[in-house]
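# Observations on chain architecture
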Amino acid sequence: MKLTFDTDQGIGTRANLGVIVLENDETLENEFRRIMDLPGVALYHTRIPMGPEIRPDTLPQMLADLPAAARLLPPALSFDVIGYACTSATSVIGPDKVAAAIRSVCPNAAVTDPLTAIIAAGRHLGVTRLGFLSPYVADVSQAMRDRLTDARFQIASFGSFEESNDQIVSRITPPSILAAARHVADAAPCDAIVISCTALRCLDVIPAIEDATGKPVLASNLALAWHMLRLAGIDDPRKGLGRLFDKG
């Protein structure tokens, strides 16, 4: 017996979002799942090859791999926004090249990345002096700081865990991130705290950091999710995610 059925538009009745995640990232999907839990918003992940060491010589290879990773997103969907979830590689490769590589496969999608999202979020909040917290080795951290300076932000203070292994970065505890963010905020007057790297588990301590320092937090995953939603026209209120989402 052949049964009848109906079809509809699918899950993403308001937006279809895609995100390209590093193969060794253990953090972003869990945090995005919580941030993006909104009616009619569909989120799809694909992975891109990446070794465990985050160094200037290992990051550019991802540019060549971006089209293949984007091609593994569901081909039947028309994506509103695609995010590339690597702050350090975007800083080294450049946001324009990242966007061009993704649009070579998905030409109609808006494209963003953590660096672009942090810049957009900083401008949205009207901040200029940043306390900057990074897990990276010096050369990678400097590339990110240079990009923010080029975007007319000032780096008021800086601290890094100086860890090149992304798997270890994923194991840095949220209390350690909280303590480090407080140290960066105390080092010099700043308007906001940037926490760079999609592998750092920041989501649960962002409200605590903001309460302790009195400064908004622009973490890579939080800013990327916020920017993807805003580019898709989604501005639903989201409580408990810090001042960036409080501002709308």
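Residues numbered from 1 in each chain as written. Predicted model: local features only at pLDDT ≥ 70, side-chain atom pairs only at ≥ 80, totals over all residues. Heavy atoms only, no water.

### Here's the deal with the overall build of the chain
Summing up its helical and strand segments, the chain has 11 helices and 8 strands in all. For 248 residues, the compact-globule formula gives about 18 Å, and the C-alpha radius of gyration of the chain, at 18 Å, lands near that figure. Considering only C-alpha atoms, the chain reaches an extent of 70 × 40 × 30 Å along its principal axes. Sequence separation of at least 24 residues holds for 80% of the intrachain contacts in the chain that already meet a minimum separation of 6. Across the chain, the centroid of the 23 positively charged side chains sits 4 Å from that of the 28 negatively charged ones. (Helix = DSSP H or I, 4+ residues; strand = E, 2+ residues; numbered from the N terminus. Rg over C-alpha atoms; globule rule 2.2 N^0.38 Å. Contact = heavy atoms within 4.5 Å. Lys, Arg positive; Asp, Glu negative; His and termini not counted. Charge placed at Lys NZ, Arg CZ, Asp CG, Glu CD.)

### Points about the layout of surface pockets
Quantified by volume, the largest pocket comes out at close to 180 Å³. The wall of the largest pocket is formed by 13 residues, among which Pro-75, Leu-77, Phe-79, Val-105 and Cys-106 lie closest to the centre. In terms of residue class, the lining of the largest pocket is built from 10 nonpolar, 2 polar and 1 charged. (1 Å grid on protein atoms, 1.4 Å probe; cavity = no way out; pocket = protein on both sides within 12 Å on 5 of 7 lines; lining within 4 Å. Points joined across faces, edges and corners; volume = space filled by probe spheres on them. Nonpolar A, V, L, I, M, F, W, Y, C, P; charged D, E, K, R; others polar.)

### Considering the sheet that holds strand 5 (residues 129–134)
Overall, parallel pairing links the 4 strands, which are arranged 6-5-7-8 in an open sheet. Each having just a single partner strand, strand 6 (154–160) and strand 8 (217–219) make up the two edges of the open sheet. With strand direction ignored, the average angle separating the axes of adjacent strands in the sheet is 20°. In this sheet, strand 7 (residues 192–195) lies alongside strand 5 in parallel orientation, the contact comprising 4 bridges. Within strand 7, the residue paired with Gly-131 across the bridge is Ile-193. Strands in contact with helix 10 (residues 220–231) are strand 7 and strand 8; relative to strand 8, the strand with the most contacts, it is inclined by about 85°. (Pairing = 2+ DSSP bridges. Axes fitted to C-alpha atoms, helices over the stretch in contact; angles between N-to-C directions.)

### Some points on the nonpolar core
Grouped burial of nonpolar side chains is what soluble globular proteins tend to show. In terms of nonpolar packing, the biggest core is built from 63 residues, with Leu-17, Leu-148, Ile-177, Ile-195 and Leu-222 touching the most fellow members. At 7 residues, helix 10 tops the list of elements feeding residues into this core. Ignoring anything within four residues of it in the chain, the contact list for Ile-177 reads Leu-133, Phe-161, Ile-172, Ile-195, Leu-200, Arg-201, Cys-202, Val-205 and Ile-209. In this structure, Ile-20, Met-50, Met-62 and Leu-66 belong to the second largest nonpolar core, which totals 22 residues. (Core = buried A, V, L, I, M, F, W, Y, C linked by side-chain atoms within 4.5 Å. Buried < 20%, exposed > 50% of the residue type's maximum accessible area, 1.4 Å probe, protein only.)

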